[in-house]
Amino acid sequence: MTGADCAIELLGESALLLRFGNAIDRALNDRVHAAAVALRAAALPGVEDIAPAYASLLLRFDPRSWPDIEAFARAVRAALAQPRAVRSDDQPVGTAVAELPVCYGGEHGPDLAEVAALTRLTQDQVIARHVAGDYRVAMLGFAPGFAYLLGLDAALAVPRLTSPRLRVPAGSVAIGGAQTGVYPSVLPGGWRLIGRTPLRLFDAARPAPARLTPGLRVRFRAIDTATFTALSEHDA
Amino acid sequence: MIEVLAPGLLTSLQDRGRPGLAHLGIGRAGAADLPALRLAQALVGNPPDACALEITLTGPTLRLHRDAEIALTGAPVAAEADGRALPGWTPLRLRAGSVLRLGGMRHGCRSYLAVRGGIDVAAVLGSRSQDLNAGLGPLGGRALRAGDRLPLGAMDAFAGAADHAAWSLDPRPWFDGAAARPLRLLAGTHGGLLDAASREALFAAPFRIAAASNRVGCRLDGTRLALLAPLELVSEGVVAGTVQLPPNGQPIVLFCEHPVSGGYPRIGQLAAVDLPRLAQRRPGDALRFAPVDAGEAARLLEAREQRLARMETAIARRRAAS
């Protein structure tokens, strides 16, 4: 398993950062999610947050449960080294899949033509390559419910906008550098918008507010504007 | 019900925040000065997780539509109702129809107004804190505006005159008005990558709280710091008190509404016990750091929590006796 194959950095008296590397890389990110699963299962007392990033895992804890941070670090290492029995409710990392319908181009993807020009592909080829991807939620950050996805076709990497938009519509599917993601709500943003999903990705009123969660696999499916309207969960 | 006649500079609803959701990109938010919030709640007999108003630099004007017992803690704020000046750190009883006018703060940055029964808005993801940066929480996560009507939780009617208690708390352990003591800083992952002058300046030079500071982060003016060489990092988890160094050399201390991840080098970590003291530094205030290690920072936090719990118990006894 993950073993103790990570560096542990102190982030003050109330948090540790488990560092598996310093790169955007699927194998590294797999280890982050495996460690998160192991630590959730270990249920160490006083742990308040287990938050995966690309190549590191943040653990925030109550130092009154662990006044000696070195003792907490040892307990974390022991939990990571623990071989776990497979339980019936275990979800091996990367088996659950979310499918997101996306209306590409047109009013919902105002930057699709520019992305095609930058990548020297046709718009249909950009869509085909984006839909063909097998993505993984590497981490959430930037804003509630914003999922950074791994797995973008390298041919689709394009530079960010030089001047970010002040208001990106909720549900916009975008490419920024070698990353792709979906804006969960109206936000400022510098990624290039190639399409939009009619689904609400974040709703604070739901018990599970974020549709995309760390480690989840994601597939996109192209839909037309009529289907977008029919499926739309966005506020008018 | 409380009616907001004028919102003040920046007034929001705050409780202890919503921890445990960082993996969904959701920060903790909550009151910037948590001990001041808890003591305000204790003074009016509320549970520690009740919701209060966090007031920034200049306070709101509020009309009470029913009898209310209130308390003010944190930075000392000019306050009057019905022609009488109101003291802080003590329970105050006001009659329905009173207009509560909160003015400026001579020093400090944030005051807390608790009302017996609590501000009874619906919780969002387990908390009544307004995360203004994320736009999450009651009222869509926006600050209070004129015309807002804030429901109050049930309160047993108080007998006798609408008057102040005959006792009050000594604010000195809980509010550092002079803002002179250094804030304690633990080593950061990338602190060792600062150049020699910057390593020395981090603990020697006085910084100033920049005007562009808010609940997301405190930007520090003064000495610019530099790394030995530029460092490219992928985004990773951060917590309140993480001191980041962006390429412009102006450190940022992440605060209660910080995004859950960041990609700048981390040159230090403010001890959790000193976050409330950071909350009371206003733009223009000086700030110095003093080094501390994790063990000492944990002991300081534990001692503070014990003092706070003892104080809450003492206040509850005092309330029961009066």
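Just so it is clear, the structure is predicted and the values come from calculations on it, not from any experiment. (Residues numbered from 1 in each chain as written. Chains lettered and ligands numbered in written order. Predicted model: local features only at pLDDT ≥ 70, side-chain atom pairs only at ≥ 80, totals over all residues. Heavy atoms only, no water.)

All names here are of chain A. Reading around the barrel, the seven strands line up as S5-S12-S9-S10-S7-S6-S13 and close back on themselves, with mixed pairing between neighbours. Between one strand axis and the next, the sheet turns by 40° as a mean value, whatever way the strands run. Contacts between helix H1 (residues 26-42) and the sheet are confined to strand S6 (135-140) and strand S7 (147-150), with S6 contributing the most and set at about 60° to the helix. Most of the contacts of helix H4 (residues 123-132) go to strand S13 (residues 217-222), to which it runs at about 150°, and overall it touches strand S5 (97-104), S6, strand S9 (172-176), strand S10 (179-182), strand S12 (192-196) and S13. (Pairing = 2+ DSSP bridges. Helix = DSSP H or I, 4+ residues; strand = E, 2+ residues; numbered from the N terminus. Axes fitted to C-alpha atoms, helices over the stretch in contact; angles between N-to-C directions. Contact = heavy atoms within 4.5 Å.)

Our focus in this paragraph is the interface of chain A and chain B. Tallying the contact residues gives 42 residues for chain A and 38 residues for chain B. Contact between chain A and chain B buries roughly 2,800 Å² in total, counting both sides, with carbon and sulfur atoms accounting for 64%. Linking chain A with chain B are three salt bridges. For Glu9 of chain A, the salt bridge identified is with Arg266 of chain B, shortest N-O distance 3.3 Å. Linking chain A with chain B are 10 residue pairs in polar contact (both at pLDDT 80 or more). Considering each element in turn, the side of chain A that touches chain B owes the most residues, five residues, to strand S3 (residues 47-52) of chain A. For the side of chain A that touches chain B, the class distribution of residues is 26 nonpolar, seven polar and nine charged. (Buried area = accessible area lost by both parts, 1.4 Å probe. Salt bridge = Lys/Arg side-chain N within 4 Å of Asp/Glu carboxyl O. Polar contact = N/O pair within 3.5 Å; in protein donor to acceptor, adjacent residues only side chain to side chain. Nonpolar A, V, L, I, M, F, W, Y, C, P; charged D, E, K, R; others polar.)

All names here are of chain A. Overall, the coordinates contain 10 aromatic pairs over all chains when judged by the stated rule. Aromatic pair Phe142 and Phe146: ring centres 5.2 Å apart, planes at 85°, arrangement edge-to-face. Exposure remark for Phe142: the relative accessible area of 37% places this residue in the partly exposed category. By relative accessible area, Phe146 is classed as buried at 1%. Clustering of aromatic rings is evident, with ring pairs tying together Tyr54, Phe142, Phe146, Tyr148, Tyr183 and Trp191. (Phe/Tyr/Trp six-rings, centres within 6.5 Å; stacked < 30°, edge-to-face > 60°. Buried < 20%, exposed > 50% of the residue type's maximum accessible area, 1.4 Å probe, protein only.)

The tally for this structure, following the rule as stated, stands at 35 salt bridges over all chains. Between Arg110 of chain B and Glu54 of chain B there is a salt bridge, with its nearest N and O atoms 3.6 Å apart. Residue Arg110 of chain B is found in strand S10 (residues 110-115), and its partner Glu54 of chain B is found in strand S3 (residues 52-56); the two are separated by 56 residues along the sequence. In this structure, Arg110 of chain B and Glu54 of chain B share a single accessibility class: buried. One salt-bridge network, in which partners are shared between bridges, spans Asp62 and Arg64 of chain A together with Arg38, Arg304, Glu305 and Glu312 of chain B.

Okay, the packing of helix H3 (residues 112-119) of chain A against H4 of chain A next. Working note: a packed helix pair is described by the angle between its axes plus the distance between those axes. All names here are of chain A. Running from N to C, H3 and H4 point in directions that differ by 90°, and their axes come no closer than 8 Å. Here H3 is positioned roughly perpendicular relative to H4, judged by the angle of their axes. Two secondary-structure elements touch here, H3 through Leu112, Ala113, Val115, Ala116 and Thr119 and H4 through Gln123, Val126 and Ile127. Residue composition of the contact of H3 with H4, grouped by class: six nonpolar, two polar and no charged. (Parallel < 35°, antiparallel > 145°, perpendicular 65-115°, else oblique.)

Next up on the list: empty space enclosed by the protein. Taken as a whole, this structure holds one cavity of 30 Å³ or more when the rule is applied. Reported here for the largest cavity is a volume of approximately 40 Å³. Taken together, Ala51, Pro52, Ala53, Met139 and Leu140 of chain A together with Ala22, Gly237, Val260 and Ser261 of chain B form the lining of the largest cavity. Mapped onto the lining of the largest cavity, the elements with two or more residues apiece are S3 and S6 of chain A. A breakdown of the residues in the lining of the largest cavity according to their chemical character gives seven nonpolar, two polar and no charged. (1 Å grid on protein atoms, 1.4 Å probe; cavity = no way out; pocket = protein on both sides within 12 Å on 5 of 7 lines; lining within 4 Å. Points joined across faces, edges and corners; volume = space filled by probe spheres on them.)

This paragraph deals with helix H4 (residues 294-321) of chain B. Taking 1.5 Å of rise per residue, 28 residues should cover 40 Å, and H4 of chain B covers 41 Å from first to last C-alpha, within 8% of that figure. Along H4 of chain B, the residues that are buried comprise Ala294, Ala297, Ala298, Leu301, Arg304, Glu305, Leu308, Glu312 and Ile315 of chain B. Turning to H4 of chain B, the residues buried within the fold contact strand S1 (7-10) and helix H2 (69-81) of chain A together with helix H1 (34-43), strand S12 (183-187) and helix H3 (275-279) of chain B. Its side-chain oxygen 3.2 Å from the backbone nitrogen of Gly295 of chain B, Asp293 of chain B forms the N-cap of H4 of chain B. (Expected span 1.5 Å × (residues − 1).)

So, about the domain arrangement of chain A. Residues and elements named next belong to chain A. Domain boundaries assigned for chain A yield domain 1 (2-80) and domain 2 (97-234). For domain 1 versus domain 2, the separation of C-alpha centres amounts to 29 Å. Counting the surface lost from both domain 1 and domain 2, the interface buries some 880 Å², and carbon and sulfur atoms represent 56% of this. If you sort the residues of domain 1 by the area they bury against domain 2, Arg26, His33 and Tyr54 come out on top, with a joint share of 62%. Counting every contact that joins domain 1 to domain 2 gives one salt bridge. Among the salt bridges present, the one from Asp30 reaches Arg136, with a minimum N-O distance of 2.4 Å. Where domain 1 meets domain 2, there are six residue pairs in polar contact (both at pLDDT 80 or more). Of the residues forming the side of domain 1 that touches domain 2, the biggest block, four residues, is contributed by H1. Classifying every residue of the side of domain 1 that touches domain 2 by side-chain character gives four nonpolar, two polar and three charged. (Domains from an automatic or database assignment.)

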